[in-house]
Amino acid sequence: DERVKPDCISYSTVINAHANSATTQSGENADAILTRMIHRYLIGDNDCKPNAIAFTAAIKAHSSSINATISTHASASGDDCDFESNDISSNNCKKQIELSAKRCEELLQQLCLLYQTCSHDRTLKPTAVTFDLVTRACTQARNVEGVWRVKELRSVVMNEDAVK
């Protein structure tokens, strides 16, 4: 039905619903919706232009996936995901956390690149919440370099407007 077609708000709402579902698949599900949104925009549907809200919701979904992975591992093994352990369960937990944290950072970088290359379109500017979510994900993955990259990126992006 032409009267009912997705737009930026509906896509962002669905992505945020995945973020709030708090499952180990939250991030993957949100990525699928964000990818569909970007595709719609690229083929000419201007109502589906992605914005910082959609990207932040996808990042939140990956962060939620990390928390669900930790909870699931703790429930199954009786302990937290041990980054020092070599048992299979802990290794799988670590890999999931690292992949989700990496994806958070990739999404942040995409958003910052869009913001910088699209004449600093305010709808694409990451917020403090966006940066905090990615910093927390990198911290949970014990990715110190990622934390520093996010900190540097935050400093550049947040200070760009102040310089102008």
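Note: the structure precedes this text.
The text that follows walks through the structure, step by step, so that each part is easy to find. Because the structure is a prediction, the values reported are computed rather than measured.

Section: the packing of helix H1 (residues 8-21) against helix H2 (residues 26-42)
A pair of packed helices is captured by two measures, namely the crossing angle of their axes and the spacing between those axes.
Point 1. Between H1 and H2, the least distance of the axes is 8 Å, while the angle of their chain directions is 170°. One way to sum up the angle between H1 and H2 is to call them roughly antiparallel. Here Cys 8, Tyr 11, Ser 12, Val 14, Ile 15, His 18 and Ser 21 of H1 lie close against H2, whose contacting residues are Ser 26, Asn 29, Ala 30, Ile 33, Leu 34, Arg 36, Met 37 and Arg 40.
Point 2. A class-by-class count of the residues in the contact of H1 with H2 yields eight nonpolar, five polar and two charged.

A short note on H1
Point 1. With 14 residues, H1 should cover 20 Å at 1.5 Å per step; its first-to-last C-alpha distance of 20 Å lies within 8% of that length.
Point 2. Those residues of H1 that fall on the buried side of the exposure criterion are Cys 8, Tyr 11, Ser 12, Ile 15 and Ala 19. Take H1 and look down its axis: the buried residues cluster within an arc of 95°, on one side only. Among the exposed residues of H1, those pointing more than 90 degrees away from its buried face are Ile 9 and Asn 20.
Point 3. Backbone nitrogen of Ile 9 and a side-chain oxygen of the N-cap are separated by 3.1 Å at the start of H1; the cap is Asp 7.
Point 4. Looking one or two residues beyond H1, the residue adopting positive phi is Ala 22, at roughly 50°.

Describing the pattern of salt bridges
Point 1. Under the criterion given, the structure shown has nine salt bridges.
Point 2. A salt bridge links Asp 45 to Lys 5; the shortest N-O distance between them is 3.7 Å. Remark: Lys 5 occurs in the segment before H1 and Asp 45 occurs in the loop between H2 and helix H3 (52-77); sequence separation between them is 40 residues.
Point 3. You can call Lys 5 partly exposed: its relative accessible area is 42%.

As for the nonpolar core
Point 1. Counting residues in hydrophobic clusters, the biggest one holds 35 residues, and the most contacted among them are Ile 15, Leu 34, Ile 59, Leu 108 and Val 134.
Point 2. If you list the elements that add at least two residues to this core, you get H1, H2, H3, helix H4 (88-117), helix H5 (128-140) and helix H6 (144-163).
Point 3. The residues contacting Leu 34, other than those within four sequence positions of it, are Ile 15, Ala 54, Phe 55, Ala 58 and Leu 107.

Focus: the environment of Val 147
Point 1. Here Val 147 lies in helix H6.
Point 2. Residues Val 147 and Glu 105, spaced 42 residues apart in sequence, show a C-alpha to C-alpha distance of 9.2 Å.
Point 3. Those residues within four positions of Val 147 in sequence are excluded, and the remaining contacts are Thr 135, Cys 138 and Thr 139.

Definitions and cut-offs
- Residues numbered from 1 in each chain as written.
- Predicted model: local features only at pLDDT ≥ 70, side-chain atom pairs only at ≥ 80, totals over all residues.
- Heavy atoms only, no water.
- Axes fitted to C-alpha atoms, helices over the stretch in contact; angles between N-to-C directions.
- Helix = DSSP H or I, 4+ residues; strand = E, 2+ residues; numbered from the N terminus.
- Parallel < 35°, antiparallel > 145°, perpendicular 65-115°, else oblique.
- Contact = heavy atoms within 4.5 Å.
- Nonpolar A, V, L, I, M, F, W, Y, C, P; charged D, E, K, R; others polar.
- Expected span 1.5 Å × (residues − 1).
- Buried < 20%, exposed > 50% of the residue type's maximum accessible area, 1.4 Å probe, protein only.
- Arc of directions from axis to C-beta.
- Polar contact = N/O pair within 3.5 Å; in protein donor to acceptor, adjacent residues only side chain to side chain.
- Salt bridge = Lys/Arg side-chain N within 4 Å of Asp/Glu carboxyl O.
- Core = buried A, V, L, I, M, F, W, Y, C linked by side-chain atoms within 4.5 Å.

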